[in-house]
Amino acid sequence: MALNIRTVFLYVLASIVFLASVYHILIPTASISSDRRHSPSFNPQLYIPNPRLRPYVDNNLIIHEHDAVTPAATNDTRTVPEESTNSVGFIADDTIQFKPQIPQSRNISTEIEGTVLSNTTIVTNVDSVFEETGSKNNSLHVYLNSESSIMNVSILFPSWEVLVIVSLEFGDDTDYTSYFCLFDTNEISPARFSGTLTSPDRKTFTCQLPMRIRRRLPFRHPRLIKTSDQAKMTSNPLQSPSSELLRWNFIVYNIIETENDIVLFAKGINNRQGINRSPTEFKCLFGDNTVNGVTTSVTSSMQEVFRCQRPDLTAFSQNPVIASLVILQTNQVVPSIAFYAPERKVAIASPKKSLLCACTMVYNVAKFLKEWVMYHSKIGVDKFILYDNGSDDDLGKIVNLLKSKGYNIETRFWLWPKTQEAGFSHAVLLEKNSCHWMMYIDIDEFIYSPLWASSPPSKLLLPSLLPSRPYGQIMIRCLEFGPSNLKKHPSMGVTQGYTCRKEMENRHKSIVLLDAIDESLLNAIHHFKLKERYKSIKVHLDTVVVNHYKFQAWPEFKAKFRRRVSAYVVDWTRSVNLQSNDRTPGLGYRAVEPEGWAERFCEVYDHRLKDLTRRWFGRRDDRMIFRMEWQK
């Protein structure tokens, strides 16, 4: 009898263990995580990207949102480099993690749908967190403030970067140094102010998506929170899950109103170069949805540019309405962050057109800008348009300095990744009434003519080479210069430092008559499709050439490796199409300095532009030290 009872007891116990195991296997991990998030005992974590790593470089291989994340298990710890006085441990996935203490007693607040964070502030900033890491209780307290709600929409960019766009309710705050992104896993990532979108004005911040979140779907909007030392009210910031992040690979991101139509810029529609969907497959939508909004026909669909007929928005008054595209076959509305409001026509005097302007897309080029602007201004460029692709160096300071010296420079906020062709099309639309000819070259490229060898500087030098009708575009061959045995950026400038190049020319850049450009705005980075009555002309190397200082000293080239701005150029950080002409020979897809880099690409010594710029811009200072004008 006792044996039977014991047998039954063991059988029941085994059944309970088995059922419990099955239960835990079947319950989704996300549900468990969600329960933990709403538990008062679950502490959020502050995610701060490893300061030794930047996206796209070295051993940070997580480049795109679809990359698999498989960090090796290890107990290895590392410390902050010597330049930091903080002793902070790094865990295996290269993050720094803190565990702030959430107050046990909370008053539940009502979350506003679509907000970044309902009423949340942090009682410190990143610097204070690092300063306190030596204490025994490293806590970062998160509280709620009823006056800190910030409306936003967020986009997941490549390299796991989140762009947070803050709406008009953001207010007039001028201190953007103490913001954080709070994710629905209770992890916090520092938010950096990135710039201001216009029409309507919206502030933008960028933050990194924490490593642990990259392993789970869906990716959700973070909530933007600000530090504060004022009295706070406690509450639960995460009562309901936020909506999904918008994806950069499928979105309408910009809009321009012309005299005759509306132009939308959209990612994810025409993804391959030379393959564009018919405009009859789409409608332009003005308004929140197809029921209450206004639709018009699409007249052109080319690359990321979609031209739309003007809408009748009488019912919308002058209030901005969201503008997007409708894919007719699936009745799908493309997500959009672009707004349209009919502009009031005000009669203003047309400014005198500049004969020659220069447009380029820039990222962290402050150290190069003075040389590039001063040189090209000397040979005839009247105006410079810089499309800033998210610079975080001293670009603004250098631009203001050049403006104070009389140079005509305009900087446009253009944060969008890999949109060089779209940016150049954007410039055509905006500058058509202010420039006759536009030069499209990069900041490491200098136009030079052997005919100028003994000439004094003159603003007529470059304009004298422009063709007359029927030619609407001049195409100039490029000579690619190598590192020229340099290990760092030459202090006297690229034209003085890099003097050895490859023998054969490669590709070309263009100067184009804006009135000659086809209405589709189709371009291949540096040259455009022209209207039928215009032609392009390719000039000989003996007449004019572009000195392309492409392969610079390794620290400079490595910074360039980080991002390719053209939508149709191979991404160097991806291990695909390794034989592409867009790739640097022998470099591969990781930003690791190849052996003998400083001596590479040196086939012909070419001192022509060095000698010219030395004669035009070289001076001895008060101490009789020879310096170039842009070194001042």
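Residues numbered from 1 in each chain as written. Predicted model: local features only at pLDDT ≥ 70, side-chain atom pairs only at ≥ 80, totals over all residues. Heavy atoms only, no water.

Under the annotation held in an unreviewed UniProt entry, the protein chain carries the name Glycosyltransferase family 92 protein and is attributed to Lactuca virosa. Per UniProt, the protein chain has the following entry under Sequence similarities (unreviewed entry): "Belongs to the glycosyltransferase 92 family." (UniProt positions renumbered as here; feature names shortened; annotations may be inferred.)

Caption draft 1: The arrangement of helix H6 (residues 420-431) in detail. With 12 residues, H6 should cover 16 Å at 1.5 Å per step; its first-to-last C-alpha distance of 16 Å lies within 8% of that length. Those residues of H6 that sit buried are Gln 420, Glu 421, Ala 422, Gly 423, Phe 424, Ser 425, His 426, Ala 427, Val 428, Leu 429 and Glu 431. (Helix = DSSP H or I, 4+ residues; strand = E, 2+ residues; numbered from the N terminus. Expected span 1.5 Å × (residues − 1). Buried < 20%, exposed > 50% of the residue type's maximum accessible area, 1.4 Å probe, protein only.)

Caption draft 2: Here's a closer look at the packing of aromatic side chains. Within this structure, the stated rule accounts for 32 aromatic pairs. Centroid distance Tyr 498 to Tyr 549: 6.3 Å. Interplanar angle 40°. Geometry classified as tilted. A residue pair is termed long-range when its members are at least 10 positions apart, and Tyr 498 in the loop between helix H7 (494-497) and strand S26 (500-501) and Tyr 549 in the loop between strand S29 (545-548) and helix H8 (554-561) qualify at 51 residues. (Phe/Tyr/Trp six-rings, centres within 6.5 Å; stacked < 30°, edge-to-face > 60°.)

Caption draft 3: Representation of the pattern of salt bridges. Overall, the coordinates contain 20 salt bridges when judged by the stated rule. Between Arg 212 and Glu 187 there is a salt bridge, and its shortest N-O distance comes to 3.6 Å. Here the residue Arg 212 occupies a position in the loop between strand S9 (202-208) and strand S10 (223-227), and Glu 187 occupies one in strand S8 (residues 187-197), the gap between them amounting to 25 residues. By relative accessible area, Arg 212 is classed as partly exposed at 28%. Residue classification places Glu 187 among the buried residues on the basis of a relative accessible area of 1%. Of the charged contacts in the structure, one is a salt bridge between Lys 531 and Glu 519, with a shortest N-O distance of 4.0 Å. Of this pair, Lys 531 sits in the loop between strand S27 (508-513) and strand S28 (535-538) while Glu 519 sits in the loop between S27 and S28, placing them 12 residues apart in sequence. For Glu 519, a relative accessible area of 42% puts it in the partly exposed group. One network of salt bridges, in which partners are shared, links Asp 261, Arg 307, Glu 519 and Lys 531. (Salt bridge = Lys/Arg side-chain N within 4 Å of Asp/Glu carboxyl O.)

Caption draft 4: Quick look at the packing of helix H4 (residues 366-378) against helix H5 (residues 395-404). Relative orientation of the contacting elements H4 and H5 amounts to 25°, with a least axis distance of 9 Å. Relative to H5, H4 is oriented roughly parallel. In this structure, H4 meets H5 at a crossing whose hand is right-handed. Of the residues in H5, those in contact with Ala 366, Leu 369, Lys 370, Val 373 and Met 374 of H4 are Leu 395, Ile 398, Val 399, Leu 401 and Leu 402. (Axes fitted to C-alpha atoms, helices over the stretch in contact; angles between N-to-C directions. Parallel < 35°, antiparallel > 145°, perpendicular 65-115°, else oblique. Left-handed = near helix turned anticlockwise from the far one by under 90°. Contact = heavy atoms within 4.5 Å.)

Caption draft 5: Region of interest: the pairing of strand S15 (residues 294-302). Here strand S14 (residues 282-286) runs beside S15; their pairing, made up of four bridges, is antiparallel. Opposite Cys 284, over in S15, you have Thr 296 as the bridge partner. With four bridges joining them, S15 and strand S16 (residues 305-308) adopt antiparallel strand pairing. In the strand pairing of S16, Val 298 is matched with Cys 308. Connecting S15 to the next strand, S16, in antiparallel fashion are two residues, including Gln 303 with a positive phi near 55°. (Pairing = 2+ DSSP bridges.)

Caption draft 6: Quick peek at the state of the cysteines. Across all of its chains, the model carries four disulfides by this definition. Note on cysteine connectivity: Cys 284 is disulfide-linked to Cys 308, with sulfurs 1.8 Å apart. Taking the sign of the S-S torsion, -65° for the link of Cys 284 and Cys 308, the bridge is left-handed. Placement of Cys 284 in strand S14 and of Cys 308 in strand S16 is noted, with a sequence separation of 24 residues between them. In this model, Cys 500 is linked to Cys 602 through a disulfide, with the two sulfur atoms separated by 1.8 Å. (Disulfide = S-S within 2.5 Å.)

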